[in-house]
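Structure assessment
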Amino acid sequence: MSSYDVVIIGGGVGAGYLVKEVLAKANSPDTSSPTLCVVSSDPSLLPPMERPAVSKGSMLADKPFLRNPSGNADKFPYVKSASGEPMTPEFYESTPNLTLLSNTTATSIDFENKTVSLNTNEIISYNKLILATGSRARIINGCGAEGSTWDELHSTDLDPQHQITDKRKWGFGSPHTLRDVGDSEKLVSAMTRVEDDDQETCYWPVVIVGGGFVAMEAAAVIASKCEDLHVTVVLNNDHFLGGDGGVFNKEMSEFYERQLSQRFGVRFARNYTVTGLWDKEETGKFCSLDGPAMDLKKTRERQFDTCPKQFTECRGVILDGVDEADKGIRLPARFVVFGVGAKPNSEFLGESLDKTSSGHVKVDGNCQTSQSDVYAIGDVAAMVGEDGTTTTNAHVDAARKMAAHVAGSIVEEQQIPYNITPYFYSFVMGLNQSWKFYGKCDSSCTIVTIGLSDWEATETPGELTWGAFYVNADNVIVGVLLNNGTKEMNEQLPRVVEAGAVVINCKKLKKCELQEVLDDPHLLTPPELGLGEFHAESDLDEVNEVFSQYEKEVGCGFVEVAVVAELMQALGADWDGVELKDAIAALDESGCGFITKDNFVNWWLS
Ligand SMILES: Cc1cc2nc3c(=O)[nH]c(=O)nc-3n(C[C@H](O)[C@H](O)[C@H](O)COP(=O)(O)OP(=O)(O)OC[C@H]3O[C@@H](n4cnc5c(N)ncnc54)[C@H](O)[C@@H]3O)c2cc1C
């Protein structure tokens, strides 16, 4: 049985960065180099890579080297070592004390005896174990192949060079997911496949199911890079990146959605749930998205009947809308891409480790699991907060930082709790735009955008820089997003959130310049109040607007004395009865019981 100081299970971002960080730390003269073993179910050509490339550069038909690493070490997105060298298969082979067991899946762990069983029937032992098994694409009701390992997903489809073994196998009628470069290879094949026998499916759109950032990136890259492909996106709510605690509000989402529609004809089907695949054998009359029933005869036999079932059975998807009349709609598809979330690869860990109900491995502030000497990092981990709640952070930055943190713990025995503040980004290829988010965002936050309102009047929206601030119920800025920010602006994001600045109100924040809030997050923090002091609204537009909410009749220009106390309270006043009586006496000198807008505004602002 082989023994290692450190065993890492997983071959993705977390594993790659752990190797990088351990090697960097172990090179220091004060530490000794631990023996390190990476167990990865990915093929030997494919050591840990930067996964975000899968939905970006790897989807470009003319850049196959971004999907197939052989002979392309300088271009393939390998994780790089601390000195900037791509960590290729040769790097793993030639580095002392480093072993990469590719094509190898960990099947179970004996925590008591500190051993890992592998699908090769080998057992290896560890001193420290790091779980970095990530997650796999979620599948709706059997729409596609479910698998956590390369072998389960691609063994019959791709040869060892990641080339599709039989080109006829891919293209029309395939449900796809997007998790690794094998998936992008298949998708590119589907995107670029031209059928010359005039099948009806040629004219059907590519259907993308999902409203997260993988779906958004996939829609943009497919629609922009393949002129003849129409794209329809099915959203189960009303906008991209929305839903409970979503990072985009409708206005932000529209910025992207409208550009996709206007520039590339992308169509959106909102508030629909996909209930299953539309079987290719099914014929008859069906309701379509456009209303009237469409009559479809059986699709002619296709060329690829030898390929796996999940890649031939699909004629499109079946949708349920909100109304009873909208159930069972058939949406024909040239092929379908599902981007509907992910689930953690943790089943093989059994019951001896504390997990959340969704299967994430619970870790403390040091990424330690409930078993001693066992850590979990990246997408498979859920951090347990002081109040017992758990948070997942399925983004590349978290996987990298957790890896660096654990490397510090195991090589240098540091115990500084990991900073959980999320940071993530998306690059929407095709629109050539990117956004970066730092901080927290949940359903209690008000999202205040700056610089976005008049984007449609801009000739070059792609060059527009705008921001969004996430203000919690206590009026504190807890998150910030920048679209097309400069490097300098992006570097300001952590500082803006860490300032913990209170804003006096969100309307005022909206009126600020983006750069001034980035430079000084406390710009709108109200001063400390003395006894009997209050923050009175001093913005003319705001005073006018609040006044009109209390007018006797809409637009009449006056309010009754009876509502003045409430009106002043809405503007920030916190007066006692005597002060209020004096104010009313000054405002309604004639005692008629009414106060005009001009009179009130002049008095209030003076
Ligand atoms: C298409 C796509 C685009 C993305 N784009 C962005 C982006 O733009 N910005 C961003 O912030 N985040 C992005 N992410 C998220 C980011 O890539 C992940 O958060 C990150 O990869 C997580 O790293 P990980 O090591 O936990 O898991 P992964 O990188 O998924 O690696 C898990 C590895 O474990 C292996 N494995 C699983 N089970 C076993 C087992 N039993 N034995 C051995 N090996 C096993 C898998 O084969 C895989 O190699 C994207 C994700 C995807 C899928």
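Bear in mind that the values here come from a model prediction, so they are computed numbers and not experimental data.

Turning our attention to unusual backbone geometry. With a phi close to 50 degrees, Asn103 is a non-glycine residue in the positive phi region. Mapped onto the secondary structure, Asn103 falls in the loop between strand 3 (98–101) and strand 4 (106–110). Judged by relative accessible area, which is 47%, Asn103 ranks as partly exposed. Unusually for a residue other than glycine, Asn432 sits at a positive phi of about 55 degrees. As for its position among the elements, Asn432 is in the loop between strand 23 (423–428) and strand 24 (433–439). Residue class for Asn432 comes out exposed when judged on its relative accessible area of 57%.

The full set close to the ligand counts 37 residues, and Gly14, Asp42, Arg51, Lys56 and Asp379 are the nearest of them. Between the ligand and Ala106 there is a distance of 3.0 Å, counted from a nitrogen atom to a backbone nitrogen or oxygen. A distance of 3.3 Å is found between an oxygen atom of the ligand and a backbone nitrogen or oxygen belonging to His395. Protein coverage of the free-state accessible area of the ligand, which is 1,000 Å², stands at 97%. Elements represented by at least two residues in the shell around the ligand include exactly helix 1 (13–26), helix 5 (213–225), helix 7 (396–411) and strand 23. When residues of the shell around the ligand are assigned to their parent elements, the largest contribution, three residues, is made by helix 5.

What follows is about the side chain of Ser55. Here Ser55 is to be found in the loop between strand 2 (36–39) and helix 2 (89–94). Among the polar contacts listed, one links the side chain of Ser55 to the side chain of Glu217, at a separation of 2.5 Å. Not counting residues within four places of it along the chain, the set of residues in contact with Ser55 comprises Leu178, Glu217 and Val221.

With that settled, the discussion passes to a negative patch on the surface. On the surface, a cluster of negative charge is contributed by Glu513, Glu516, Asp519 and Asp520. Relative to the assigned elements, Glu513 resides in the loop between helix 10 (506–511) and helix 11 (514–519). Overall, Glu513 belongs to the exposed group, its relative accessible area being 56%.

Taken in spatial order, the three strands of this open sheet run 19-21-22, and their pairing is mixed. With one partner strand each, in any of the chains shown, strand 19 (361–363) and strand 22 (390–391) form the two edges of the open sheet. Strand direction decides the pairing type here: strand 21 (residues 381–384) and strand 22, joined by two bridges, are antiparallel. Across the sheet, Val384 pairs through a bridge with Thr390, a residue of strand 22.

Once that is clear, we can look at the packing of helix 14 (residues 577–587) against helix 15 (residues 597–605). Relative to each other, helix 14 and helix 15 sit at 130 degrees, their axes nearing to 10 Å. Between helix 14 and helix 15, the crossing angle belongs to the class labelled oblique. Helix-helix and strand crossings are classified by hand; for helix 14 and helix 15 the assignment is right-handed. Contacts between helix 14 and helix 15 involve Ala583, Ala586 and Leu587 from the first element and Asn599, Phe600 and Trp603 from the second. Partitioning the contact of helix 14 with helix 15 into residue classes produces five nonpolar, one polar and no charged.

Next up on the list: the packing of aromatic side chains. For the coordinates displayed, the defined rule picks out 17 aromatic pairs. Ring centres of Phe240 and Phe268 lie 5.6 Å apart, and the angle between their planes is 90 degrees; this geometry places the pair in the edge-to-face category. Of this pair, Phe240 sits in the loop between strand 10 (231–234) and helix 6 (250–264) while Phe268 is found in strand 11 (residues 267–269), placing the two residues 28 residues apart along the sequence. A relative accessible area of 0% means that Phe240 is categorised as buried. Aromatic side chains Trp278 and Phe286 sit 5.4 Å apart centroid to centroid with 70 degrees between the ring planes, which places their arrangement in the edge-to-face category. Trp278 sits in the buried class, given a relative accessible area of 0%. An aromatic cluster of three or more residues is present, and its members are Phe248, Phe255, Tyr256, Phe424, Trp435, Phe437, Trp455, Trp466 and Tyr470. A cation sits over an aromatic face here: Lys75 above Phe65, 4.9 Å from the ring centre.

Cut-off values and rules
Residues numbered from 1 in each chain as written. Predicted model: local features only at pLDDT ≥ 70, side-chain atom pairs only at ≥ 80, totals over all residues. Heavy atoms only, no water. Helix = DSSP H or I, 4+ residues; strand = E, 2+ residues; numbered from the N terminus. Buried < 20%, exposed > 50% of the residue type's maximum accessible area, 1.4 Å probe, protein only. Near = heavy atom within 4 Å. Polar contact = N/O pair within 3.5 Å; in protein donor to acceptor, adjacent residues only side chain to side chain. Areas by Shrake-Rupley, 256 points an atom, 1.4 Å probe, with all protein chains shown as cover. Contact = heavy atoms within 4.5 Å. Patch = residues over 30% accessible without salt bridge, like charges linked within 9 Å, V, L, I, M, F, W, Y side chains within 5 Å. Salt bridge = Lys/Arg side-chain N within 4 Å of Asp/Glu carboxyl O. Lys, Arg positive; Asp, Glu negative; His and termini not counted. Charge placed at Lys NZ, Arg CZ, Asp CG, Glu CD. Pairing = 2+ DSSP bridges. Axes fitted to C-alpha atoms, helices over the stretch in contact; angles between N-to-C directions. Parallel < 35°, antiparallel > 145°, perpendicular 65-115°, else oblique. Left-handed = near helix turned anticlockwise from the far one by under 90°. Nonpolar A, V, L, I, M, F, W, Y, C, P; charged D, E, K, R; others polar. Phe/Tyr/Trp six-rings, centres within 6.5 Å; stacked < 30°, edge-to-face > 60°. Lys NZ or Arg CZ within 6 Å of the ring centre and 35° of its normal.

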